[in-house]
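A closer look at the structure
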Amino acid sequence: MVAVFSGRQRQAIRLAAQFLAPYRWRAFGALVALIVTAGITLYMGQGIRLMVDHGFMTRSPQMLNESIGLFMLLVVALAIGTFSRFYLVSWIGERVVADLRKKVFDHLIDLHPGFYENNRSSEIQSRLTADTTLLQSVIGSSLSMFLRNVLMVIGGIILLFITNPKLTSIVVVALPLVVAPILIFGRRVRSLSRQSQDRVADVGSYVAEALGQIKTVQAYNHQQQDKQRFAVTAEEAFETARKRILQRSWLITLVIVLVLGAVAVMLWVGGMDVIEGTISSGELAAFVFYSLLVGSSFGTLSEVLGELQRAAGAAERIGELLQARSEIHAPVSDLLNLPQRVSGNLELQGVSFAYPSRPERNAVDALSLIINAGETLALVGPSGAGKSTLFDLLLRFYDPQQGQVLIEGMPIQRLDPLDLRRCFALVSQSPALFFGSVEDNIRYGNPAATFEQVEAAARIAHAHEFIMELADGYKTHLGDGGLGLSGGQRQRLAIARALVVDAPILLLDEATSALDAQSEYLIQEALPSLMQGRTTLVIAHRLATVQNADRIAVIDQGRLVAVGTHQQLIASNPLYARLAALQFNARDGAS
Ligand SMILES: Nc1ncnc2c1ncn2[C@@H]1O[C@H](COP(=O)(O)OP(=O)(O)O)[C@@H](O)[C@H]1O
Ligand SMILES: [Mg+2]
């Protein structure tokens, strides 16, 4: 049977073994129960022989009583053994899968963001659910079925030989005839299984994408195209599954024909022997019992084998996920530690960076800049200039191809990313809210914050007023991604969240872009006190923000074009003058 599995699948089995290890005693108990129940089932055949030959044939009531008594005893033992086996095996299956899910999730959440650009997160999600469920069914039942039936086949054949060697030779001749087609079809089923699994993942991710953007879908009347595209995906999944079940159907049919055919031949030969008196009726009864046992076990084996191979595929894919290494991690040696109090001094030294998906174009290009502790620096530049990317580099979501970023004079690549990110509070361009209450969302970066701190932050971010108007105030539950809030409300919650963290460096990425003039004005009023004692980098597109800044950096096409104050830049930098004229003045006049 070992030959059925390829090298990668053996690796998958090793993975399963690794997860089984902590429960080896339960697994051992399950194995004992399994062997005991298999042994009892096999022994039943002897019981049948005794019963037929001694009970029925000799017509002795006492013998019959003894035989039936023994039989009942075996039944009780079998019941207890089966209970233990079923409970233990299912328990292990569920336990291992829970461990596996946790391990995979723990692994995924630490992976570098770039990983998710090359791998669709919805596909990964399906691996986490579908593949682990498959593994659970295998570890929780198929594997034990497999072992049980292997025992049955081996034990059954041995007992067949003991009962009647002549008849058994028929079984031995029939065996290769049964095994060969099973192996051939099993292989085909396995490769189709993997494809089938992938197609199902396609269906899942398509649904998640379309339903997640339902308003856009319907606003553009895109349903018809989506229906068609989904139908294609669903049909492909069906077609792959159909091929697989066709192969499996052939497999099962073959097994039935071959196995039961062999049984018929045996019955015929054995029946002749009973008529001639060379064997007893009890022997033939036991023999038929064993051959049926072996036959049905073989049938089950062939089915379970397919299942096991499918699971091996699932384990293989999960193993791949677990093998993905985070490219952003603490250095193996020479780890530096940040001081207890970080002043917020930042430096970019000739940093060049291109996204992995667009290696030919530098999103940040040979950029050098020193940001002093406590300073407020505004970043301005046209859309796509690389401003948000700069934040990504500061937070070390990516490592630059050239140059380095320093905090407190230390290269960030030599720090533990956890340590580094503790220094930052980020309000990103599209504020992300999570399933949970308003309060949970504000407390996100600082679980220890008191309710007073949460409320104070909300007040500064001008979120308090609208929160109080929600049904349950701070306890109001938000849907997925903060569904049910306006863009401006989301932004204010995101600002409050950043404030609760109380980090030495504040990163605001167009944090007020979705606000109405009134709330923006109020936040702008609050910003100076926020920025007090903190290094603040603010990607700005309004004059008020820019005027609060100590310096302004103008970025264009990934390059630093100029640094200075508003007045200086208006006079010296044409790009800034143009941006200022287009964006700031127009709005300034309005508000
Ligand atoms: N994940 C990504 N993969 C590839 N290219 C990206 C990615 N994110 C941004 N870019 C590209 O990098 C450039 C800079 O983007 P960004 O920093 O978001 O600009 P800004 O914030 O200044 O508007 C743009 O050309 C953008 O298309
Ligand atoms: Mg941006």
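Residue numbers run consecutively from 1 along every chain, following the written order of its sequence. Written order decides the labels, with chains lettered from A and ligands numbered from 1. Residues qualify for local features only when their pLDDT is at least 70, as the model is predicted, and side-chain atom pairs are given and counted only at 80 or more; totals for whole chains, interfaces and linings, by contrast, use all residues. Side-chain measures were taken over the full set of non-hydrogen atoms in the model, leaving aside hydrogen atoms and water.

1. Some points on the nonpolar core
To qualify as a nonpolar core, a set must consist of buried Ala, Val, Leu, Ile, Met, Phe, Trp, Tyr and Cys residues joined through side-chain atoms within 4.5 Å. Exposed residues in this analysis have more than 50% of their type's maximum accessible area, buried residues have under 20%, and partly exposed residues fall in between, with area computed by a 1.4 Å probe over protein chains only. Core analysis: the largest hydrophobic core is formed by 48 residues, its most contacted members being V104, L135 and Y290. Note on conventions: DSSP H or I runs of at least 4 residues are helices, E runs of at least 2 residues are strands, and numbering of each starts at the N terminus. The set of elements that each furnish at least two residues to this core consists of helix 1 (7-20), helix 2 (24-56), helix 3 (61-110), helix 5 (121-163), helix 8 (223-276) and helix 9 (281-323). Residues are treated as being in contact if the distance between any of their heavy atoms lies within 4.5 Å. Apart from residues no more than four positions distant in its own chain, Y290 is found in contact with L42, G45, Q46, G156, L159, L160 and T163. Among the nonpolar cores identified, the runner-up in size contains 46 residues, and L433, A496, L499 and L506 belong to it.

2. Notes on the coordination of the magnesium ion (ligand 2)
Atoms are scored as donors when they are N, O or S and lie within 2.8 Å of the metal, with 3.2 Å used for Na, K and Ca; no water is included, so coordination may look incomplete. Within the protein, the magnesium ion (ligand 2) binds to S388 (OG) and Q429 (OE1); these donor distances fall in the range 2.0 to 2.4 Å. Residue S388 is found in helix 10 (residues 387-394), and its partner Q429 is found in the loop between strand 6 (424-427) and strand 7 (436-437); the two are separated by 41 residues along the sequence.

3. Observations regarding the sheet that holds strand 6
The 6 strands lie next to each other as 6-9-10-3-11-12, forming an open sheet whose pairing is mixed. Each having just a single partner strand, strand 6 and strand 12 (559-564) make up the two edges of the open sheet. Adjacent strand axes in the sheet meet at a mean angle of 15 degrees when their direction is disregarded. In this description, a line fitted to the C-alpha atoms serves as the axis of each element, helices being fitted only across the stretch in contact, and the angle between N-to-C directions of two axes falls anywhere from 0 to 180 degrees. The sheet contacts of helix 15 (residues 487-501) involve strand 6 and strand 9 (505-509), and relative to strand 6 the element is tilted by about 175 degrees. Here the rule is simple: two strands pair whenever DSSP picks up at least two bridges between them.

4. Observations regarding the packing of aromatic side chains
The description of an aromatic ring pair rests on the distance of the ring centres and on the angle between the ring planes. The pairing test for Phe, Tyr and Trp rings, Trp by its six-membered ring, is centres within 6.5 Å, and the orientation test on the planes gives stacked under 30 degrees, edge-to-face over 60, and tilted for anything in between. This structure, assessed with the given rule, holds 10 aromatic pairs. Residues W25 and F28 carry aromatic rings whose centres are separated by 5.9 Å and whose planes lie at 85 degrees to one another, so their mutual orientation is edge-to-face. Of this pair, W25 and F28 are both found in helix 2, 3 residues apart, which corresponds to roughly one turn of the helix. A relative accessible area of 67% means that W25 is categorised as exposed. When the centroid spacing of 5.2 Å and the interplanar angle of 85 degrees are considered together, the rings of F115 and Y116 count as edge-to-face. In this structure Y116 comes out as partly exposed when scored by relative accessible area, which is 29%. Cluster of aromatic residues (ring-pair linked, three or more members): F353, Y355 and Y398. Against the face of Y444 rests R497, its NZ or CZ located 4.8 Å from the ring centre. Only when the NZ of Lys or the CZ of Arg is both within 6 Å of the ring centre and within 35 degrees of the ring normal is a charge said to sit over the ring.

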